[in-house]
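The primary structure of each chain is shown beneath.
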Amino acid sequence: MFVRNHARVPVPDTQAQTAKPHLPDAQTVTAVTHWNESLFSFRVTRPQSLRFRSGEFVMIGLLDDRGKPLLRAYSIASPAWDEELEFYSIKVPDGPLTSRLQHIKVGQEIILRPKPVGTLVHDALLPGKRIWFLATGTGIAPFASLMREPETYEKYEQVIMMHTCRTVSELEYGRQLVENLEADPLIGEMVAGKLRYYATTTREASPRMGRITDNLASGKVFADLGLPRMNPAEDRAMVCGSLAFNVDVKAVLESFGLREGANSEPREYVVEKAFVGDGV
Ligand SMILES: Cc1cc2nc3c(=O)[nH]c(=O)nc-3n(C[C@H](O)[C@H](O)[C@H](O)COP(=O)(O)OP(=O)(O)OC[C@H]3O[C@@H](n4cnc5c(N)ncnc54)[C@H](O)[C@@H]3O)c2cc1C
Ligand SMILES: NC(=O)c1ccc[n+]([C@@H]2O[C@H](COP(=O)([O-])OP(=O)(O)OC[C@H]3O[C@@H](n4cnc5c(N)ncnc54)[C@H](OP(=O)(O)O)[C@@H]3O)[C@@H](O)[C@H]2O)c1
């Protein structure tokens, strides 16, 4: 019989961490895509019992050197109907988890705690005409789920995805996802004509530039898309970015008259942190 990771055979860290017998709540990696030197996405098998609302997050990870689970919060980037789970990840240099996770390969395993939670869910918003998804960096992950969720198009006449990164390559995961959506056999028809994609960079020249906060406050995005100024009667928003971004964009949304909601008290917008900490 072929024995994987025999104790006397030295194996790279990643193989040792993902050996089948050791991982609690193990799921198998089915695909990995590297988008640039700091971003990658991957898909894993989905536990049969896992139910979640598009936009929620779970804890995932690997075993550390002492064999203890090293877990971090990750938005599920795939929609609730998908038979697999997708994640979109940063590669933090020297990050305890992502310095290892970035080397994960198809067939290896990760830990996935099947307890989804989060505020970026449709239930936390009052009904409206338009929904704005506002994200910086990996903050697009929950919206990668919600943009593929039929409920999004059932509930809203228009869906606007604003994504801002420093550079063009950091936009690529979201750009390709949106581009492929209209051709999607499952929800392509629902998406057509409803989803507007407004991506900008701030530190590299590209067709559209500027911070989300500036493009909202100046009215540029409304003019560019031919939409009315954001207002609490028609517009709903979900926000996911760094703490500084979330604080600043909340102020802009409040200036338009939108109020923050929650699962327990739906209102006009909801916010979630894309990560904890100021910088890497
Ligand atoms: C609710 C929630 C959802 C999250 N969803 C995702 C997700 O879908 N994809 C994802 O890549 N990360 C996500 N994160 C961040 C994630 O939990 C980890 O912080 C990240 O995987 C890095 O782990 P690490 O152990 O390598 O470094 P950590 O020790 O966790 O982080 C080190 C530092 O890296 C920076 N950092 C961490 N994550 C990011 C990031 N995503 N973008 C920019 N800088 C970052 C911060 O400054 C942080 O202090 C989420 C965090 C929260 C709270
Ligand atoms: N992405 C990289 O290439 C890079 C490289 C080295 C280190 N890092 C470190 O990694 C951390 C995360 O980087 P990141 O690029 O994912 O996230 P980030 O620094 O939060 O920037 C992502 C995007 O959000 C914008 N933004 C930042 N703060 C904002 C605010 N308060 N209001 C509105 N828009 C805001 C940025 O615009 P601005 O460009 O105008 O700030 C940028 O376009 C940073 O703290 C950084 O120190 C990143």
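Residues numbered from 1 in each chain as written. Chains lettered and ligands numbered in written order. Predicted model: local features only at pLDDT ≥ 70, side-chain atom pairs only at ≥ 80, totals over all residues.

Of the regular secondary structure elements, the chain holds nine helices and 11 strands. In terms of overall size, the chain behaves like a compact globule, its C-alpha atoms giving a radius of gyration of 19 Å where 280 residues would be expected to give roughly 19 Å. Taken along the three principal axes of its C-alpha coordinates, the chain extends 65 × 40 × 35 Å. Taking all 280 residues of the chain together, 40% fall into the buried category. The contacts in the chain between residues at least 6 apart in sequence include a share of 71% that link residues at least 24 apart. (Helix = DSSP H or I, 4+ residues; strand = E, 2+ residues; numbered from the N terminus. Rg over C-alpha atoms; globule rule 2.2 N^0.38 Å. Buried ≥ 20, exposed ≤ 12 C-beta atoms within 10 Å, placed from the backbone. Contact = placed C-beta atoms within 7 Å.)

Around ligand 1, the structure places 26 residues, and the nearest of them are Gly 95, Leu 97, Thr 98, Phe 275 and Gly 277. Those elements that place two or more of their residues in the shell around ligand 1 are β4 (69-75), β5 (84-90), α2 (98-101) and β11 (269-273). If one sorts the elements of the shell around ligand 1 by residue count, β4 sits on top with four residues. For the shell around ligand 1, the class distribution of residues is 13 nonpolar, nine polar and four charged. Counting residues domain by domain, the shell around ligand 1 receives three or more from each of domain 1 (13-116) and domain 2 (122-273). (Near = placed C-beta within 6 Å. Nonpolar A, V, L, I, M, F, W, Y, C, P; charged D, E, K, R; others polar. Domains from an automatic or database assignment.)

For the rest of this paragraph, the subject is the nonpolar core. Residues Phe 133, Leu 134 and Met 161 are the most contacted members of the largest nonpolar core, which totals 63 residues. In this structure, this core is formed jointly by two domains, domain 1 (13-116) and domain 2 (122-273), each of which donates at least three residues. Filtering out sequence-adjacent residues up to four positions away, Met 161 remains in contact with Phe 133, Phe 143, Met 147, Val 178, Leu 195, Tyr 197 and Tyr 198. (Core = buried A, V, L, I, M, F, W, Y, C linked by C-beta atoms within 7 Å.)

The strand order across the open sheet formed by five strands is β9-β8-β7-β10-β11, and the pairing between neighbours is parallel. The open sheet has two free edges, formed respectively by β9 (195-201) and β11, since each of these has just one partner strand. Taking the axes of each pair of neighbouring strands and ignoring which way they run, one obtains an average angle of 10 degrees across the sheet. The sheet contact formed by strand β7 (residues 130-136) and strand β10 (residues 235-241) spans six bridges and is parallel. By the bridge assignment for β10, Phe 133 is matched with Met 238. Contacts from helix α5 (residues 172-181) reach β8 (158-165) and β9 within the one sheet, and its direction differs from that of β9 by about 160 degrees. (Pairing = 2+ DSSP bridges. Axes fitted to C-alpha atoms, helices over the stretch in contact; angles between N-to-C directions.)

The next subject is the sheet that holds β5. Spatially, β4-β3-β6-β1-β2-β5 is the arrangement adopted by the six strands of the open sheet, whose pairing is antiparallel. Every interior strand has two partners, whereas the edge strands, β4 and β5, have only one. Adjacent strand axes in the sheet meet at a mean angle of 35 degrees when their direction is disregarded.

In this section: unusual backbone geometry. Trans peptide bonds make up most of the peptide bonds, and negative phi angles are found at most residues other than glycine. Not every positive phi belongs to a glycine, and Asp 94 is a case in point at roughly 65 degrees. Relative to the assigned elements, Asp 94 resides in the loop between β5 and α2.

Quick look at the domain arrangement of the chain now. Interfaces are often sized by the accessible area lost when the parts come together. Segmentation of the chain into domains returns domain 1 (13-116) and domain 2 (122-273). Counting residues at the interface gives 15 residues for domain 1, matched by 13 residues for domain 2. When residues of the side of domain 1 that touches domain 2 are traced back to their parent elements, those giving at least two are β1 (26-36), β2 (39-45) and β5. Sorting elements by how many residues they give to the side of domain 1 that touches domain 2 places β5 first, with three residues. Along the lines of polarity and charge, the residues of the side of domain 1 that touches domain 2 split into eight nonpolar, seven polar and no charged.

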